[in-house]
Amino acid sequence: MSNLTKDDAEEIARKLRRGRPTIGRQRFEVVEQSRGGYRWISISYGGRRLARYGIKHGSRRNAGHDWIPGQIHLSDSEAYDFAKCHLSIDGYIDILARKNIVAARPT
Amino acid sequence: MSRLQNPARLVQPEYAIQALGQFHLGMRYTAKTTQREPSIELEQSGIATAMLATASFYFDLQETKEEIKVIRILADKLMIDVQEIGDRIDRSASGFCTFITSLGVPGVSLKKPIPVTIRSCDDGFIASFLDANISIGGDTLADAVSSLQDMIADSFNDLEDADDSTLWPPMLRQKQALLDVVCRI
């Protein structure tokens, strides 16, 4: 099972906003904006913009949000693990670094 | 039949107990069920075997009816499962590619039609502009495409003037893909 729900999408945003990586790594910055029928989540890391995704307003809590994994540069199962806390903030940074998306320790 | 030979073992069904109870009372014997089965009246002579056979018949009939009920329930469940699997196959097989020629947002326009991939998901559709890695979902196909148009315009407005050094590679690629196809009017 790896389908992402609205709850999972909210949890990912919450985790990115509050999560503290290990010392020496920077925190994610999350900016939320409501526009149209969506809440847009913009994610930055190390002062540089990394990703952006939309959460549907008014949808059921278990409504599918399967477009989100690709938007945050994760596979379906990685995104599911991230939402369910099986993947930590550090783990997420490691995956991004392994994919050459970010530097593990941005200057 | 053998289970009916010993009355002590006849805990259920109720009709079997009633049949044997009346057999012990003598004179006239009636085998009845409590499940709306027809009553059968028998004369005293040779009654035991007939009584037991009748009770056994109803006992087996009752068991068969219960089994049929279970089979019907399972068959209904199976029908629902098959229907659901069919729906899932239909949905998963219904991805397609099309083009959008406008964004429907004031101030920005498309330089050329852009390819959009649309696929269905559990409870709606996901529209993607793959070159820019932009995807969004909607309850209906029109909803998904309209949201994608908004997101493309919004991302363009957001990234157009952003310094390249403030973007990680995926966002830089998104910016370049958007600058290729979107312009101000």
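Read on for an overview of the structure.

Calculation rules
Residues numbered from 1 in each chain as written. Chains lettered and ligands numbered in written order. Predicted model: local features only at pLDDT ≥ 70, side-chain atom pairs only at ≥ 80, totals over all residues. Helix = DSSP H or I, 4+ residues; strand = E, 2+ residues; numbered from the N terminus. Buried ≥ 20, exposed ≤ 12 C-beta atoms within 10 Å, placed from the backbone. Contact = placed C-beta atoms within 7 Å. Pairing = 2+ DSSP bridges. Axes fitted to C-alpha atoms, helices over the stretch in contact; angles between N-to-C directions. Core = buried A, V, L, I, M, F, W, Y, C linked by C-beta atoms within 7 Å. Nonpolar A, V, L, I, M, F, W, Y, C, P; charged D, E, K, R; others polar.

This part covers the overall build of chain B. For chain B, the count of helices and strands is four helices and eight strands. Ordering the α and β elements of chain B from the N terminus gives α-β-β-α-β-β-β-β-β-α-α-β. When burial is assessed residue by residue, chain B has 29% of its 185 residues classed as buried. Considering only intrachain contacts with a sequence separation of at least 6, the fraction spanning at least 24 residues in chain B is 37%.

Another aspect to go through is the environment of Asn3(A). Summarising the element assignment, Asn3(A) is placed in the segment before α1 (6-18). Spatially, the C-alpha atoms of Asn3(A) and Gly64(A) are 6.8 Å apart, while their sequence positions differ by 61 residues. Beyond its immediate sequence surroundings of up to four residues, Asn3(A) is in contact with Gly64(A), Asp66(A) and Asp122(B).

Residues and elements named next belong to chain A. If you trace the three strands from one edge of the open sheet to the other, you get β1-β2-β3, paired in antiparallel fashion. Since the sheet does not close on itself, it has two edges, and those belong to β1 (28-35) and β3 (48-56), each with one partner. On average, each strand axis in the sheet is tilted by 20 degrees relative to the strand beside it, whichever way the strands run. As paired elements, strand β2 (residues 38-45) and β3 share eight bridges and run antiparallel to each other. Paired with Arg39 across the two strands is Ile55, which belongs to β3.

Looking now at the nonpolar core. Ranked by size, the top nonpolar core spans 50 residues in total, and within it Ile43(A), Ile72(A), Ala79(A), Leu148(B) and Ile152(B) carry the most contacts. The element best represented in this core is helix α3 (residues 141-159) of chain B, accounting for seven residues. Apart from the residues lying within four places of it in its own chain, the contact partners of Ile72(A) are Ile12(A), Ile43(A), Ala51(A), Tyr53(A) and Ala79(A).

In this complex, chain B contributes 21 residues to the contact, which on the side of chain A involves 23 residues. For the side of chain B that touches chain A, the per-class residue count stands at ten nonpolar, seven polar and four charged.

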